[in-house]
Amino acid sequence: MTLLLTLLTGTGLAGQTTAQYDNARTGAAIHETTLTPAKVKTGFGRVAVLPVDGDVYAQPLVFQSRLIVATENNSVYAFDATTLSTTPLWHVNLGTPLSSRDVRCPFIRPTVGITPTPVIDPATGSIYVLTRTTGTGAYQQMLHRLDVRDGHDLAPARDIQARVPGSGIDALHGVVSFDPLRENPRAALLLDHGMVYLSWASSCDVTPYHGWIIAYDAKTLTRRAVFNTSPDGADAGIWQGDAGLAADSAGHIYAATGNGSFDTAGTRRRNFGSSLLQLTLRDSALSVTDFFTPWNQAALTSDDEDLGSSGPILVPGRLIVLTGKDGMTYVVNRSGMGKFGTSDQGRAVQSLRTSNGGFGAAAYWNHTVYLWGSDDVLKAYSLSDHGLTLRASSPVKATDPGSTPTVSANGDRDGIVWAIETRTWNGPDRPAVLHAFDAANVREEIFRGAAGLATRFAIPTVAAGRVYVGAKGEVDVFGLR
């Protein structure tokens, strides 16, 4: 029975244990047998509201009938995903969070604690969580490994510290050091080949900052490798609209960076602003083994048009799909990513404008890529070895920032595209809105319903006939009535 449970959880049948459902970040929950387009049309709605002590930016996770929720108050909750009781199975608080005043940024307010989506290891029942804490004037970021059964620490929490050689904006005596106050983690945690990968950017571009990726041993939380995206420059943060770092079966890690320093020439590049990176961990070094940088990276940087406003998704044919803040979508071959040149022609499989801006990530299911860009409508693109071809568009238009879609399906049938309209970057509070579209024909919206007050970049989670929406101070649960 234990072996069977391990096999089921590894394939996603028993829950959703990582952001966007898998390390390729396809956004597809393909073992959903309860929800079908016909059932959602006729008898679907909000069935529960689970109160928590802070705002929920992290995507909710589901494992062994437990709903795992992390909040900006540095709390982690486990709820019974079957009964949906408002009394949690357990709740732990992991320290005093920062305030929006501390980080000098109002985008996440009033407290800044756990922002990136945690990750669960089904084999060990471990939950990995990154917190931001303060006390007596000191700022820390801590990696925790919790037990899914009761929330206790399975290993001593790890204080995030790192240094790399460099001459960058905040270098001291030839060394650039990780700043736990300025570095803001947004991209979801990644668990791959026994390593937990964390990444950082900034809050509101408050300088100085860099992009960082740090690998930790999943069992002991021992730091294994450190990578800095701009050691001889500045910026190049890893935001990805809260979407996760991706990984392929060979263990290559994929990350997208924002505006920042870039080395246009040289055989030993060290600064990688506005780039899509492939990184490989060997021994104790995490290094770039391939990359793609748009030809107009200098303009993207000067205009604050981050390529890394979205996260990469890995799709069949060894392809990567990524949309930047300027609305350009790139299809890149993982076998030869194209590096940098004076034109994207011949380096990218395809580059096309798909919206007014990309935030979060696309979703992939059944030979189709789903994109919902900023100030635009949900679009379905057929995918081939040559790239994307627009197949259909929904009639529903979203404002900034668009949405990161999720697809639920039973294998290759009964597909539904779920998406949340979230808070705009400078607008007033408003309810989150959950949308559902028939994945075979996104022109047909089959459900629309309001949830709690919206956070930004929220991604819905679908598991065992339920849809979970993180909001301010609560998780809203939708299902068949």
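Since the model is a prediction, treat every value here as computed from it, not as a measurement. Within every chain, residues take consecutive numbers counted from 1 along the sequence as written. Local features in this predicted model are restricted to residues whose pLDDT is 70 or higher, and side-chain atom pairs enter the listing and the counts only when it is 80 or higher, whereas totals over whole chains, interfaces and linings include all residues. Computation of side-chain values: all heavy atoms of the structure, hydrogens and water removed.

## Remarks on the overall build of the chain
Phase 1 of the analysis: Secondary structure elements follow DSSP: runs of H or I no shorter than four residues count as helices, runs of E no shorter than two count as strands, and numbering proceeds from the N terminus. From N to C terminus, the chain includes four helices and 38 strands.
Phase 2 of the analysis: Dimensions of the chain, computed from C-alpha atoms along their principal axes, come out at roughly 60 × 50 × 50 Å.
Phase 3 of the analysis: Classification of the 481 residues of the chain by burial places 63% in the buried group.
Phase 4 of the analysis: A contact between two residues is defined here by any heavy atoms of the two lying within 4.5 Å. Relative to all contacts within the chain whose residues are 6 or more apart in sequence, the contacts with residues 24 or more apart total 57%. Throughout, exposure labels follow a simple rule: accessible area from a 1.4 Å probe, protein chains only, divided by the maximum for the residue type, with under 20% read as buried, over 50% as exposed, and the rest as partly exposed.

## Comments concerning the sheet that holds strand β32 (residues 387-398)
Phase 1 of the analysis: Pairing between two strands is assigned when DSSP locates at least 2 bridges connecting them. Here we have four strands laid out as an open sheet, ordered β29-β30-β31-β32, and antiparallel in their pairing. Strands with a single pairing partner mark the edges of an open sheet, and in this sheet they are β29 (363-365) and β32. The mean angle between the axes of side-by-side strands here comes to 20 degrees, regardless of whether they run parallel or antiparallel. Inter-axis angles, ranging from 0 to 180 degrees, are taken between N-to-C directions of lines fitted to C-alpha atoms, where helices are fitted over the stretch in contact.

## Description of the pattern of salt bridges
Close approach of charged atoms allows side chains with opposite charge to pair.
Phase 1 of the analysis: Salt bridges, as used here, are contacts in which a Lys or Arg side-chain nitrogen is within 4 Å of a carboxyl oxygen on Asp or Glu. Enumeration over the complete set of coordinates arrives at 14 salt bridges.
Phase 2 of the analysis: Residue Arg46 is joined to Asp476 by a salt bridge in which the shortest nitrogen-to-oxygen separation is 2.6 Å. With Arg46 in strand β3 (residues 44-55) and Asp476 in strand β38 (residues 466-480), the pair connects residues that are 430 residues apart, well separated along the chain.
Phase 3 of the analysis: When its relative accessible area of 36% is taken as the criterion, Arg46 is described as partly exposed.
Phase 4 of the analysis: Residues joined in a network through salt bridges with shared partners are Asp304, Asp306 and Lys325.

## Notes on the packing of aromatic side chains
Phase 1 of the analysis: Here a Phe, Tyr or Trp ring, Trp counted by its six-membered ring, pairs with any other such ring whose centre lies within 6.5 Å, and the pair is stacked when the planes are under 30 degrees apart, edge-to-face when over 60, and tilted otherwise. Within the structure shown, the criterion is met by 15 aromatic pairs.
Phase 2 of the analysis: Taken together, a centroid distance of 5.2 Å and an interplanar angle of 40 degrees make the contact between Phe44 and Trp418 tilted. Of the two residues, Phe44 is situated in strand β3 and Trp418 in strand β34 (residues 413-421); the sequence distance between them amounts to 374 residues. Summarising the burial analysis for this pair, Phe44 and Trp418 share the class buried.
Phase 3 of the analysis: Pairing Trp372 with Phe437 gives two aromatic rings, centres 5.7 Å apart and planes at 75 degrees, and the pair type is edge-to-face. Residue Trp372 is found in strand β30 (residues 368-372), and its partner Phe437 is found in strand β35 (residues 431-438); the two are separated by 65 residues along the sequence. Taken as a pair, Trp372 and Phe437 share a single burial class, namely buried.
Phase 4 of the analysis: The rings of Phe44, Trp418, Phe447 and Phe478 are connected pair by pair, giving a single aromatic cluster.

## A word on the sheet that holds strand β23 (residues 276-282)
Phase 1 of the analysis: Read across the open sheet, the four strands follow the order β21-β22-β23-β24; overall the sheet is antiparallel. The open sheet is flanked by β21 (246-247) and β24 (285-292), the only strands paired with a single partner.
Phase 2 of the analysis: Examined bridge by bridge, strand β22 (residues 253-256) and β23 share four bridges and lie antiparallel to one another. Paired with Ala256 across the bridge in β23 is Leu276.

## Notes on the pairing of strand β33 (residues 406-410)
Phase 1 of the analysis: Here β33 lies mainly inside the structure; four of its five residues are buried.
Phase 2 of the analysis: For strand β2 (residues 28-29) and β33, the ladder comprises two bridges, and the chain directions are parallel. When the bridges of β33 are listed, Ala29 appears paired with Ser408.
Phase 3 of the analysis: The pairing of β33 with β34 spans four bridges and is antiparallel.

## Side note on the side chain of His210
Phase 1 of the analysis: Here His210 is to be found in the loop between β18 (195-202) and β19 (212-217).
Phase 2 of the analysis: On the accessibility criterion, His210 (0% relative accessible area) is buried.
Phase 3 of the analysis: Two N or O atoms count as a polar contact when they lie within 3.5 Å, although within protein this holds only if one can serve as hydrogen donor and the other as acceptor, and sequence-adjacent residues are included solely when both atoms are side-chain atoms. At 2.7 Å, the side chain of His210 forms a polar contact with the side chain of Asp170.
Phase 4 of the analysis: Here the side chain of His210 touches Ser230 through a polar contact of 2.8 Å, side chain to side chain.

## Concerning the state of the cysteines
Phase 1 of the analysis: The term disulfide is used for any two cysteine sulfur atoms that are within 2.5 Å. In the structure shown here, the tally under the stated rule is one disulfide.
Phase 2 of the analysis: Residue pairing for Cys105: its cysteine sulfur links by disulfide to Cys204, the two sulfurs lying 1.9 Å apart. Judged by the torsion about the S-S bond (60 degrees), the Cys105/Cys204 disulfide is right-handed. Remark: Cys204 occurs in the loop between β18 and β19 and Cys105 occurs in the loop between α3 (100-103) and β9 (111-112); sequence separation between them is 99 residues.
Phase 3 of the analysis: The exposure class of Cys105 is buried, given its relative accessible area of 7%.

Functional significance is not addressed by these values, which are geometric in nature.
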